[in-house]
Amino acid sequence: MIMGKDFVDLRHAKSKDYCAVLKEIKKEGKCPFCPENFRWHPKPILENYQRWFLTEANWPYENARKHFLIICKEHKEDFLTLTPNDFSEVYELVSQAIEDFRIRGGAVTLRFGDTAYTGATVKHLHFHLIVPKKRKVVDFPIG
């Protein structure tokens, strides 16, 4: 685990309660998505693979029927550290979610890099699997 750096960016929090949780995380100086610190995420892990796992988002986007996070168990912030095996596991988790939750359409997204460009709140690499409500727009910010 990387110590002594910011793992979250409060500027992009969508709500006051989410911002409060991010402030607590920032104060502790720990990455909230590393397995040993995953206590800030009360939702259960739905699927658990060797290097990645699937869970529901605590703060889903408006108009999302379902919003999942696919999180790497190893702390990674740089896209270039991802391997073909990482993408293979993400594919398997998305495929499993599509089957389990009968997903008829949605999007898979990944932000990476400087949060001033990405709009992310957590720097630890994670994919979003977002299923919108039928005929509704989900605003997924980047930047």
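Details of the structure are given in the entry above.
This is a predicted model, so every value here is computed, not measured.

A.B. asks: I'd like to hear about helix α2 (residues 84-100), residue by residue, with values.
C.D. replies: The terminal C-alpha atoms of α2, which comprises 17 residues, lie 24 Å apart, in line with the 24 Å expected from a rise of 1.5 Å per residue. When we look at burial in α2, the residues that qualify are Asp86, Glu89, Val90, Leu93, Val94 and Ala97. The buried residues of α2 occupy one face: seen down the axis, they fall within an arc of 135 degrees. Projecting away from the buried face of α2 at angles above 90 degrees are the exposed residues Pro84, Asn85, Tyr91 and Glu99. Of the surrounding secondary structure, the elements contacted by the buried residues of α2 are β1 (45-48), β2 (52-56), β3 (64-72), β4 (107-110) and β5 (126-132). Residue Arg102 follows α2 closely and has a positive phi angle near 50 degrees.

A.B. asks: Please provide a residue-by-residue account of a nonpolar patch on the surface, values included.
C.D. replies: The grouping of Phe79, Leu80, Phe87 and Phe112 at the surface amounts to a nonpolar patch, some 420 Å² of accessible area in total. Within the secondary structure layout, Phe79 lies in the loop between β3 and α2.

A.B. asks: Provide a residue-level description of the pattern of salt bridges, including the pertinent values.
C.D. replies: Inspection of the entire model under this criterion finds six salt bridges. Close ionic contact of Lys26 with Asp6 constitutes a salt bridge, the shortest N to O distance being 3.1 Å. Of this pair, Lys26 sits in helix α1 (residues 16-28) while Asp6 sits in the segment before α1, placing them 20 residues apart in sequence. Classification of Lys26 as partly exposed rests on a relative accessible area of 37%. Of the charged contacts, one joins Arg11 and Asp9 as a salt bridge, the two residues approaching to 2.5 Å between their closest N and O atoms. Under the relative-accessibility criterion, Arg11 is labelled exposed at 58%. Within this structure, Arg51, Lys76 and Asp86 form a network of salt bridges that share partners.

A.B. asks: Residues and numbers for the sheet that holds β5, please.
C.D. replies: In any sheet, the strands associate via hydrogen bonds between backbone groups, in a parallel or an antiparallel arrangement. Pairing within the open sheet is antiparallel, and its five strands lie in the order β1-β2-β3-β5-β4. Edge positions in the open sheet fall to β1 and β4, since each of these has one partner strand only. Taken pair by pair, the neighbouring strands of this sheet meet at an average axis angle of 20 degrees, ignoring direction. As paired elements, β1 and β2 share three bridges and run antiparallel to each other. In the strand pairing of β2, Asn48 is matched with Phe53. Those strands touched by α2 are β1, β2, β3, β4 and β5, and its axis lies near 35 degrees from that of β2.

A.B. asks: Residues and numbers for α1, please.
C.D. replies: Taking 1.5 Å of rise per residue, the 13 residues of α1 would be expected to cover 18 Å, and the 19 Å separating its terminal C-alpha atoms lies within 8% of that figure. The complete set of buried residues in α1 reads Tyr18, Cys19, Leu22 and Ile25. When α1 is viewed along its axis, its buried side chains cluster within an angular range of 120 degrees and face the same direction. Residues of α1 that are exposed and point over 90 degrees away from its buried face: Lys16, Lys23 and Lys27.

The rules behind these values
- Residues numbered from 1 in each chain as written.
- Predicted model: local features only at pLDDT ≥ 70, side-chain atom pairs only at ≥ 80, totals over all residues.
- Heavy atoms only, no water.
- Helix = DSSP H or I, 4+ residues; strand = E, 2+ residues; numbered from the N terminus.
- Expected span 1.5 Å × (residues − 1).
- Buried < 20%, exposed > 50% of the residue type's maximum accessible area, 1.4 Å probe, protein only.
- Arc of directions from axis to C-beta.
- Contact = heavy atoms within 4.5 Å.
- Patch = residues over 30% accessible without salt bridge, like charges linked within 9 Å, V, L, I, M, F, W, Y side chains within 5 Å.
- Areas by Shrake-Rupley, 256 points an atom, 1.4 Å probe, with all protein chains shown as cover.
- Salt bridge = Lys/Arg side-chain N within 4 Å of Asp/Glu carboxyl O.
- Pairing = 2+ DSSP bridges.
- Axes fitted to C-alpha atoms, helices over the stretch in contact; angles between N-to-C directions.

The values reported here are purely geometric and, on their own, carry no functional implication.
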